[in-house]
Amino acid sequence: MDAALNQTARALVAPGKGILAADESGGTIKKRFDSIGCESTEDRRRAYREMLFTTPGAAEYVSGVILFDETIRQNASDGRPLAKILESQGIIPGIKVDKGAVPLAKSPDELVTDGLDGLRTRLVEYRDLGARFAKWRAVITIGAHIPSRLCLDVNAHALARYAALCQEEGIVPIVEPEVLMDGDHSLERCYQVTSDTLHRVFDELYDQRVELGGMLLKPNMVLPGKGHPSYPVAPEIVADATISCFRTVVPAAVPGIVFLSGGQGDEEATANLNAMNAKGPHPWQLSFSYGRALQAAALKAWKGDDANVSAGRAAYVHRTRMNSLARSGAYTPEAEKAAS
Ligand code: 13P
């Protein structure tokens, strides 16, 4: 096993810590900024991310940050690269390397992720810019007759090609097959689709010689669709379904599972992770790699205005601390209230 890859993967899921996904593409960050009435200019995007990355105390709870291509090239207001600012606090910089999901040929209601062309060269450049891990997101949609076998196959194949290329360049791949929570499907259907997806993904990872000890898995939790009458279900139920699904398909050699939040509420995502860890120990570390569930409150407090930086930081560090507590099953409603 590659010791350096394994060491980085384990550092990303160190006890009490998890990952901030701050790798929103140009289109996604514009949507987020629209929600607070802030124009998405390069300066505002830099200011927002600088606020998060320089939040005092956050490094105690955050092991790594996933950056977007623009951000890994940006400097903070003091002239230092944002990636260096993370590193100086012991936070590992990572990079989103996929180029987004596009309609799948011959199955237009499904998506396949682009970005393999030229990836080897881009990885070398990103490594020189400080990235020690990477992310590639595949999107699986649940519908009446989907996902198709075709969709699972092509996405699993691309995830494994990406992961193998990363490992060759000394970069830890985060393998993210996201089964969307959009729709009115049941928890049982999500369980089945998540299980099928992960089976295909681990088959491909094995075939393409990806070292499981040098990667992390970033999946959805097993939940009913947002439009299903039972949504949201109790954290206990989510925890039991998710752990049971993953125990049958995720090899113990994988150091950690870092969940995405996927549209869950902030406190919901924390409570669900907490319920899983309360049932530990598990074969893998169970942690977070949240985007929206770590950023929504901070974004709302900041409102695009430099005068609100301390309010934005307070909201951000609070969410990171709550999720840190959820890493060991120690999150409580009292802790949630105490700081807010
Ligand atoms: P969410 O937590 O907002 O789903 O984002 C995580 C992520 O990185 C999706 O690719």
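Residues numbered from 1 in each chain as written. Predicted model: local features only at pLDDT ≥ 70, side-chain atom pairs only at ≥ 80, totals over all residues. Heavy atoms only, no water.

Caption draft 1: Main features of the overall build of the chain. Per the secondary structure count, the chain includes 13 helices and 10 strands. Overall, the chain is about 50 × 45 × 40 Å in size when its C-alpha atoms are taken along their principal axes. Split into buried and exposed, the 340 residues of the chain put 57% on the buried side. Split by element, the accessible area of the chain, about 13,600 Å² in all, is 51% carbon and sulfur. On the chain, the mean spot of the 38 positive side-chain charges and the mean spot of the 42 negative ones are 2 Å from each other. (Helix = DSSP H or I, 4+ residues; strand = E, 2+ residues; numbered from the N terminus. Buried < 20%, exposed > 50% of the residue type's maximum accessible area, 1.4 Å probe, protein only. Areas by Shrake-Rupley, 256 points an atom, 1.4 Å probe, with all protein chains shown as cover. Lys, Arg positive; Asp, Glu negative; His and termini not counted. Charge placed at Lys NZ, Arg CZ, Asp CG, Glu CD.)

Caption draft 2: Main features of the pairing of strand 10 (residues 285–290). Along strand 10, 5 of the 6 residues are buried, which leaves the element largely enclosed by surrounding structure. Inspection of the sheet shows strand 1 (residues 18–21) paired to strand 10 by 2 bridges, in the parallel sense. When the sheet's bridge partners are listed, Leu 20 is paired in strand 10 with Tyr 290. Relative to strand 10, strand 9 (residues 256–259) runs parallel, the two sharing 4 bridges. Bridge assignment links Ile 257 to a residue of strand 10, and that residue is Leu 286. As a crossover connection, the stretch from strand 9 through helix 10 (residues 266–278) into strand 10 is right-handed. (Pairing = 2+ DSSP bridges. Right-handed = clockwise from strand over helix to strand, strands pointing away.)

Caption draft 3: A look at the site of the ligand. Neighbouring the ligand are 13 residues, the closest being Lys 135, Lys 218, Ser 261, Gly 262 and Arg 292. Lys 218 places a polar side-chain atom, nitrogen or oxygen, 2.7 Å from an oxygen atom of the ligand. Taken by itself the ligand offers 300 Å² of open surface, and the protein chains cover 92% of this. Every element with two or more residues in the shell around the ligand is listed here: strand 6 (133–140) and strand 10. A class-by-class count of the residues in the shell around the ligand yields 3 nonpolar, 4 polar and 6 charged. (Near = heavy atom within 4 Å. Polar contact = N/O pair within 3.5 Å; in protein donor to acceptor, adjacent residues only side chain to side chain. Nonpolar A, V, L, I, M, F, W, Y, C, P; charged D, E, K, R; others polar.)

Caption draft 4: Local environment of the packing of aromatic side chains. A complete count under the given rule lists 6 aromatic pairs for this structure. On the numbers, 5.7 Å between centres and 85 degrees between planes, the contact of Phe 33 with Tyr 48 is edge-to-face. Of the two residues, Phe 33 sits in helix 2 (residues 26–34) while Tyr 48 sits in helix 3 (residues 42–53), which places them 15 residues apart along the sequence. Exposure remark for Phe 33: the relative accessible area of 0% places this residue in the buried category. (Phe/Tyr/Trp six-rings, centres within 6.5 Å; stacked < 30°, edge-to-face > 60°.)

Caption draft 5: Expanded view of the environment of Val 249. Note that Val 249 resides in helix 9 (residues 235–249). Since its relative accessible area comes to 9%, Val 249 is described here as buried. In this structure, the C-alpha to C-alpha distance between Val 249 and Ser 195, residues 54 residues apart in sequence, is 6.9 Å. The contact partners of Val 249, leaving out residues within four places of it in the chain, are Ser 195, Leu 198, His 199 and Phe 202. (Contact = heavy atoms within 4.5 Å.)

Caption draft 6: The arrangement of empty space enclosed by the protein in detail. For the coordinates displayed, the defined rule picks out 3 cavities of 30 Å³ or more. Looking at the largest cavity, its volume works out to about 90 Å³. In terms of lining, the largest cavity is formed by 13 residues, of which the most central are Val 179, Met 181, Asn 220, Met 221 and Leu 223. Residues belonging to the lining of the largest cavity are distributed by class as follows: 7 nonpolar, 5 polar and 1 charged. (1 Å grid on protein atoms, 1.4 Å probe; cavity = no way out; pocket = protein on both sides within 12 Å on 5 of 7 lines; lining within 4 Å. Points joined across faces, edges and corners; volume = space filled by probe spheres on them.)

Don't take any of this as a statement about function, it's just geometry.
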